[in-house]
Amino acid sequence: MSASASAPSSAAGDLIEGVSHDRMANAIRALSMDAVEAAKSGHPGMPMGMADVATVLFSRFLKFDARRPKWADRDRFVLSAGHGSMLLYSLLHLTGYEDMPLEEIRRFRQLGSRTAGHPEYGLAAGIETTTGPLGQGIATAVGLALGERILNARFGDDLVDHYTYVIASDGDLMEGVSHESASLAGHLGLRKLIVLWDDNRISIDGPTDLSFTDDTCARFRAYGWEVREIDGHDPKQIATAIEYARTTEAPSLIACRTTIGYGAPTKAGSASSHGSPLGATELEGAKKNLGWAHGPFEVPDDIRAAWRAVGRRGAAAADAWEARLKASDDSTRTLFDRAVTGALPPDADAIVAGIKRKASAEKPSLATRVCSGNVLDALVPAVPELIGGSADLTGSNNTKAKNAGIVQKGSYGGRYIHYGVREHAMAAAMNGMALHGGLIPFSGTFLTFADYCRPAIRLSALMKQRVVYVMTHDSIGLGEDGPTHQPVEHMAALRCIPNLLVFRPADQVETAECWQIALKDMTRPSVMALTRQNLPTVRTDHTDENLSAKGAYVLREAAAGPRKVTLMATGSEVSIAVAARETLESQGIGTAVVSMPSWELFAEQPADYRDRVLGPGTVRVGVEAMVRFGWDRWLGPDGVFIGMPGFGESAPYQELYRHFGITAEAVVDAVRARL
């Protein structure tokens, strides 16, 4: 019997510490109503409707220990319906999580509290992911469940054997990302993923049939899921359905028919209980209907003790797991600990240095997508935590390392995931794998489709997760596919996301350095913007120092005299700037070239370093085959920009560069016009 299957459970009708199911569920409802009322803001209806389901799940099935919230083999619980955050906060408080005292419940939605309007990863233990943007929670949970299976294949049942449970709303299942993710989960057979759907048939606008008449259960069956439909207020049906779901060979959807705002005298079952406080009169009536004769934020001692017992229920399983880890052989224990902490193996830096040294010596002309593939060919075998993938663009993105096995249904020991044409699901699943721990996910698509990934990228940044988004075909340099696929505005759009590193390397050396930065930074996601077209090597003198780590650096200093001109460029345009410099230098004009692989890292450098690089008092020219937006920060009021005026065209890329005037000759002309 697996470690998960042996976690303690009890029959549906059992009392817990002498307390009935109804009284325990009503504690959730009462705290949720009181907190929303005190905040004068929030969503009381969902916690009131799903309190029965949550009580059964936490008290009888969920494997966790409130005193060890980071226990690696705990079950994961995702409240995808993040608007109902008081359901989760109430559970964390009642089960005894140390950083969720009653004072935090009282401070719901207040500045500086752990109880934000929607659950935020990192604010409190027990919040496994940030939710609120509907669909992202269930999609992230697919990644959590996939991460569990991948690590189980590596370390076995003794160390990795747990479930991922999700409470999802009607809105979650309307969002397109949930369709992609559910399809992927069914295809991969993620049997330890169990979704409890709050089928209350109410949205903000009113009954869901105003806009949503899908046969959701039939849809999930078509995805290959096990599906059951139950009364979400009957604890016996809830327990039976969860127990059955834990025995299947497929992911499970349990459609829990519930009443939103359960217990409210006039607002139960209506949109009026969805996104607003009940109001004093309605709240009083709801407590009366529920038999809850206690004041605001009051929980009777016996109910609190019963919930605390639930929070300690998994302690024996956690103790047994710790014993199994301790009894593992030294190699297994060392590798497991390293995976969970996220550290890189000690030889990773030497591998990167070797790639750089070879490139500087051989000076290849390669597309940076190929350069990235070379880095992965070297690093993936050495860093077993790296898990790659692509949204049906494997050969274009170069994200599959040589000899990397494929992750597939029933066989999760591979290192590469075929996501299919599901960019939304791919990006969210990577968040889930990163949050799970033990994995460093990276996957690819075209840069123009970064917009499909953007909601998940934003959450990666908000949650401070190490996720690497490989985005190839990064400019008009992709050529004939035309403006639909030429991402002229995407660099600006990505650079404005806080806590996101956006890299656009110029050659093999910079590409290796950018990967090194991305993998070492455990608190920020990264985007790799990579070319389709070949580029010359511009870093021809080897140094072990990671010059890209400063975001921008002087690639070529002025040689013909004092610096008069500073040419700044990223990616494929760095070689154009280098060519322009040669012409200007031959004319006696002292010209420096600055490569800027990461604006974000450059902005973090001391002011004196930035000044030295940018060259105060020089003519500044920015060269990038993108729109100008954002460049004036570096150009200053008198700078010149050579780039895209708008959307691109369909033609061979060499013609496009000439057509749009992104050439060394245009740079030289612009400089001479300013001197």
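Here, the structure is the one placed above.
Owing to the predicted nature of the structure, the values given are computational and were not obtained by experimental measurement.

Below, the discussion takes up the overall build of the chain. Tallying secondary structure elements over the chain gives 26 helices and 18 strands in all. Relative to its length of 675 residues, the chain is compact, with a C-alpha radius of gyration of 28 Å against a globular reference of 26 Å. Overall, the chain is about 90 × 55 × 45 Å in size when its C-alpha atoms are taken along their principal axes. Evaluated residue by residue, the chain yields a buried proportion of 62% over its 675 residues. Only carbon and sulfur atoms are counted for the fraction: they give 50% of the accessible area of the chain, which is about 23,900 Å². For the chain, the distance from the average position of its 69 positive side-chain charges to the average position of its 79 negative side-chain charges is 3 Å.

Bringing the sheet that holds strand β3 (residues 193–199) into the picture now. Spatially, five strands are ordered β1-β2-β3-β7-β6 in an open sheet, and the strand pairing comes out parallel. Each edge of the sheet is formed by a strand with only one pairing partner; in this case those strands are β1 (76–79) and β6 (226–231). Each strand of the sheet is rotated relative to its neighbour by a mean of 15°, with strand direction disregarded. Strands in contact with helix α5 (residues 136–155) are β1, β2 (164–169) and β3; relative to β2, the strand with the most contacts, it is inclined by about 170°.

Scanning the model with the defined rule gives 33 salt bridges in all. Residue E37 is joined to K40 by a salt bridge in which the shortest nitrogen-to-oxygen separation is 3.7 Å. With a shortest N-O distance of 3.1 Å, K358 and E362 are connected by a salt bridge. Of this pair, K358 and E362 both sit in helix α14 (residues 348–362), four residues apart, which is roughly one turn of that helix. Each member of the salt-bridge network shares a partner with another, and the members are D65, R68, D319 and E322.

Let us look at the environment of G189. For G189, the position within the fold is in the loop between α7 (176–188) and β3. For the pair G189 and G261, spaced 72 residues apart in sequence, the C-alpha separation works out to 35 Å. Leave out the neighbours within four places in its chain, and G189 touches E249, P251, K409 and Y412.

So, on to helix α18 (residues 450–463). Taking 1.5 Å as the rise per residue, α18 with 14 residues should run 20 Å; its terminal C-alpha atoms sit 18 Å apart, in good agreement. Within the span of α18, buried status applies to A450, C453, A456, I457, L459, S460, A461 and M463. Turning to α18, the residues buried within the fold contact α5, α17 (423–436), β10 (440–446), β11 (468–472) and α19 (490–495). A positive phi of about 60° marks K464, the residue just after α18.

So, on to unusual backbone geometry. Located in the positive-phi region is K40, a residue other than glycine, with phi close to 60°. Its relative accessible area of 61% is what places K40 among the exposed residues. Positive phi values are uncommon outside glycine, yet H473 reaches one of about 55°. Within the fold, H473 resides in the loop between β11 and α19. Note on H473: relative accessible area 5%, which makes it buried.

This part is about empty space enclosed by the protein. As enumerated under the stated definition, the model contains four cavities of 30 Å³ or more in all. The computed volume of the largest cavity comes to approximately 100 Å³. Along its surface, the largest cavity is lined by 14 residues, and L62, D75, Y97, G126 and E128 are the ones closest to its centre. Residue lining of the second largest cavity: L344, A348, D349, V352, L379, Q516, L519 and K520, and that is the complete set. Of the residues assigned to the lining of the second largest cavity, the class counts are five nonpolar, one polar and two charged.

Right, let's talk about the packing of α5 against α7 for a bit. Orientation of α5 relative to α7, taken along the N-to-C sense of each, is 20°, at an axis distance of 8 Å. Judged by the angle between their axes, α5 and α7 are roughly parallel. Read as a crossing pair, α5 and α7 show a hand that is left-handed. Residues Q136, I138, A139, V142 and L146 of α5 touch α7, and the partners they reach there are V177, S178, S181, A185 and L188. Here the residues of the contact of α5 with α7 are counted per class, giving seven nonpolar, three polar and no charged.

This brings us to the pairing of β10. Look at any regular strand and the pattern is simple: side chains alternate between the two faces of the sheet. With seven of seven residues buried, β10 lies mostly within the body of the structure. When strand β8 (residues 386–390) meets β10, the two strands line up parallel, connected through three bridges. Bridging from a neighbouring strand, S390 pairs with G444 of β10. Pairing between β10 and β11: five bridges, direction parallel. Across the sheet, F446 pairs through a bridge with T472, a residue of β11. On the question of chirality, the crossover connecting β10 to the parallel β11 by way of α18 is right-handed.

What counts as what
- Residue indices begin from 1 for each chain and proceed along its sequence in written order.
- In view of the model being predicted, local features appear only for residues whose pLDDT reaches at least 70, and side-chain atom pairs are presented and counted only at 80 or more, with totals across whole chains, interfaces and linings using the full set of residues.
- Hydrogens and waters are ignored; side-chain quantities use all the structure's heavy atoms.
- By definition, any uninterrupted DSSP run of H or I lasting at least four residues is a helix, any uninterrupted run of E lasting at least two residues is a strand, and each is numbered from the N terminus.
- In this setup the radius of gyration rests on C-alpha atoms only. A globule is expected at 2.2 Å times the number of residues raised to 0.38.
- Three labels apply to residues, based on accessible area from a 1.4 Å probe with only protein chains included: buried if under 20% of the type maximum, exposed if over 50%, partly exposed otherwise in between.
- Note on areas: Shrake-Rupley, 1.4 Å probe, and residue coverage restricted to the protein chains presented here.
- Positive charges are assigned to Lys and Arg, negative charges to Asp and Glu, while His and the chain termini are left out of the count.
- A charged residue contributes its charge at one atom only: NZ of Lys, CZ of Arg, CG of Asp or CD of Glu.
- Paired strands, in this sense, are two strands between which DSSP finds at least two bridges.
- Fitting a line to C-alpha atoms yields each axis, with helices limited to the stretch in contact; the angle taken between N-to-C directions then spans 0 to 180 degrees.
- Note on contacts: a residue pair qualifies if any of its non-hydrogen atoms lie within 4.5 Å across the two residues.
- Counted as salt bridges are all cases of a side-chain nitrogen of Lys or Arg within 4 Å of a carboxyl oxygen of Asp or Glu.
- To estimate how far a helix should reach, multiply one less than its number of residues by 1.5 Å.
- Within this scheme a cavity is a closed region of a 1 Å grid, computed over the protein atoms alone, that accommodates a 1.4 Å probe without allowing it to escape, whereas a pocket is open but has protein on both sides within 12 Å along at least five of seven lines; lining residues each have an atom within 4 Å of a point.
- Grid points are joined across faces, edges and corners, and a volume is the space filled by probe spheres set on the points.
- Following the grouping adopted for this structure description, the nonpolar residues are Ala, Val, Leu, Ile, Met, Phe, Trp, Tyr, Cys and Pro, the charged ones are Asp, Glu, Lys and Arg, and the polar ones are all others, Gly among them.
- What sets the label is the angle itself: under 35 degrees gives roughly parallel, over 145 gives roughly antiparallel, 65 to 115 gives roughly perpendicular, and the rest give oblique.
- With the far helix as reference, a near helix turned anticlockwise by less than a right angle produces a left-handed crossing, and one turned clockwise produces a right-handed crossing.
- Looking down the strands as they point away from the viewer, one classifies a crossover as right-handed if the path from the first strand across the helix to the second runs clockwise.

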